[in-house]
Amino acid sequence: PASLARPDFAREPSFYERHVYRERPSRDQYQRLAEHYLWLSRVPLQSMEQALASLSMTTMCIRNLNQSLFLNPQNSEAYRSLGVAYQHLGDLEILISGQPGQSTRQQLRYLQCVMALRQALKGNPDDPLIWEVLFQQYQMQQKKDLVSECLEHWLPLQENRLDDVE
């Protein structure tokens, strides 16, 4: 059946997908809308009402990204945006609750963020932004071995980027 042929998780693109059958990158309507919600939710917060509005926009961003990933589970940009959205949602929940300690909800946001970013790495392991956000998450959780793994991948990518600029 056709439903069994569709992969449910991100996977590394094959040689043919990378070089022969390359498609022009595009974003569907859900991903574009989600990125707008995420951008709007990141405004500087002046009041509790703005924090709650930012929380609801981030939630709408996550819903739209999940819809986008349902349509195209190989979209590494959507997984990256989903990880960033979960990171932002966790930060907002800490801000609103006023409890910076480790709660079950904060641990859940950490896991959601890391899982989305790890899925994004399957499709695009050379994206320095993904490694940077993973580094931040692991550093906040004091996972030193994973922090060093992120740095090992991130530093050469930054050096390559600097070489391209020069």
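Everything below is about the structure shown above.
Residues numbered from 1 in each chain as written. Predicted model: local features only at pLDDT ≥ 70, side-chain atom pairs only at ≥ 80, totals over all residues. Heavy atoms only, no water.

**Section: the overall build of the protein**
We apply this condition: Numbering of helices and strands runs from the N terminus; a helix is a DSSP stretch of H or I covering at least four residues, while a strand is a stretch of E covering at least two. Think of it in three bands: residues with accessible area under 20% of the maximum for their type are buried, residues over 50% are exposed, and the middle band is partly exposed, with areas taken using a 1.4 Å probe on protein chains only. Residues are treated as being in contact if the distance between any of their heavy atoms lies within 4.5 Å. Only the protein chains shown count as cover for residues, and all accessible areas are computed by the Shrake-Rupley method using a 1.4 Å probe.
Scanning the protein for helices and strands turns up eight helices and zero strands. Mapped from its N terminus to its C terminus, the protein presents α and β elements in the order α-α-α-α-α-α-α-α. Split into buried and exposed, the 166 residues of the protein put 33% on the buried side. The contacts of the protein with a sequence gap of at least 6 include a subset with a gap of at least 24, amounting to 63%. With the model as given, the accessible surface of the protein reaches about 11,000 Å², and the carbon-plus-sulfur share is 55%.

**Description of the layout of surface pockets**
As a reminder, the rule being used: A 1.4 Å probe that fits but cannot get out identifies a cavity on a 1 Å grid over protein atoms alone, an open set with protein on both sides within 12 Å along at least five of seven lines counts as a pocket, and a residue lines either if it has an atom within 4 Å of a point. Grid points are joined across faces, edges and corners, and a volume is the space filled by probe spheres set on the points. Ten residue types, Ala, Val, Leu, Ile, Met, Phe, Trp, Tyr, Cys and Pro, are classed as nonpolar, four, Asp, Glu, Lys and Arg, as charged, and the remainder, Gly among them, as polar.
In this structure, the second largest pocket encloses a volume near 200 Å³. Every residue lining the second largest pocket is counted, 15 residues in all, and those nearest its centre are D91, I94, Q106, M140 and Q141. Of all the elements in the fold, those that place two or more residues in the lining of the second largest pocket are helix 5 (76-97), helix 6 (104-123) and helix 7 (128-140). For the lining of the second largest pocket, the leading source of residues is helix 5, giving five residues. Looking at the lining of the second largest pocket residue by residue, the classes come out as six nonpolar, seven polar and two charged.

**Some details on the packing of helix 6 against helix 7**
Rules: Between N-to-C directions, angles span 0 to 180 degrees; the directions come from axes that are lines fitted to C-alpha atoms, helices contributing only their stretch in contact. The cut-offs work like this: below 35 degrees is roughly parallel, past 145 is roughly antiparallel, 65 to 115 is roughly perpendicular, and the gaps in between are oblique. Here a crossing is called left-handed whenever its near helix is offset anticlockwise from the far helix by less than a right angle, and right-handed whenever the offset is clockwise.
Across the interface, helix 6 lies against helix 7 with an axial gap of 10 Å and an inter-helix angle of 155 degrees. With respect to helix 7, the element helix 6 is oriented roughly antiparallel. Here helix 6 and helix 7 pass one another in a crossing that is left-handed. Counting all contacts with helix 6, which are made through Y110, C113, V114, L117, R118, A120 and L121, the residues of helix 7 involved are I130, W131, V133, L134, Q137 and Y138.

**Looking at the nonpolar core**
Selection rule: Remark: nonpolar core denotes a set of buried residues (Ala, Val, Leu, Ile, Met, Phe, Trp, Tyr, Cys) joined through side-chain atoms within 4.5 Å.
Judged by nonpolar contacts, the single largest core of 28 residues is most densely connected at L82, L134 and Y138. Contributions of two or more residues to this core are made by helix 3 (29-41), helix 4 (48-71), helix 5, helix 6, helix 7 and helix 8 (144-165). Look past the residues within four positions of L134 in its chain and what remains in contact with it is V114, L117, R118, L121 and C150.

**Regarding the packing of aromatic side chains**
Given two aromatic rings, their pairing is described by the distance between the two centres and the angle made by the two planes. The following threshold applies: Only Phe, Tyr and Trp rings take part, Trp by its six-membered ring, and two of them pair if their centres are within 6.5 Å. Stacked means planes under 30 degrees apart, edge-to-face means over 60, and tilted covers everything else.
The final tally for this structure, using the stated rule, is one aromatic pair. Summarising the aromatic geometry, the rings of Y110 and Y138 are spaced 6.5 Å apart at their centres and angled 70 degrees between planes, so their arrangement reads as edge-to-face. Of the two residues, Y110 is situated in helix 6 and Y138 in helix 7; the sequence distance between them amounts to 28 residues. In this pair, the class of Y110 matches that of Y138, namely buried.

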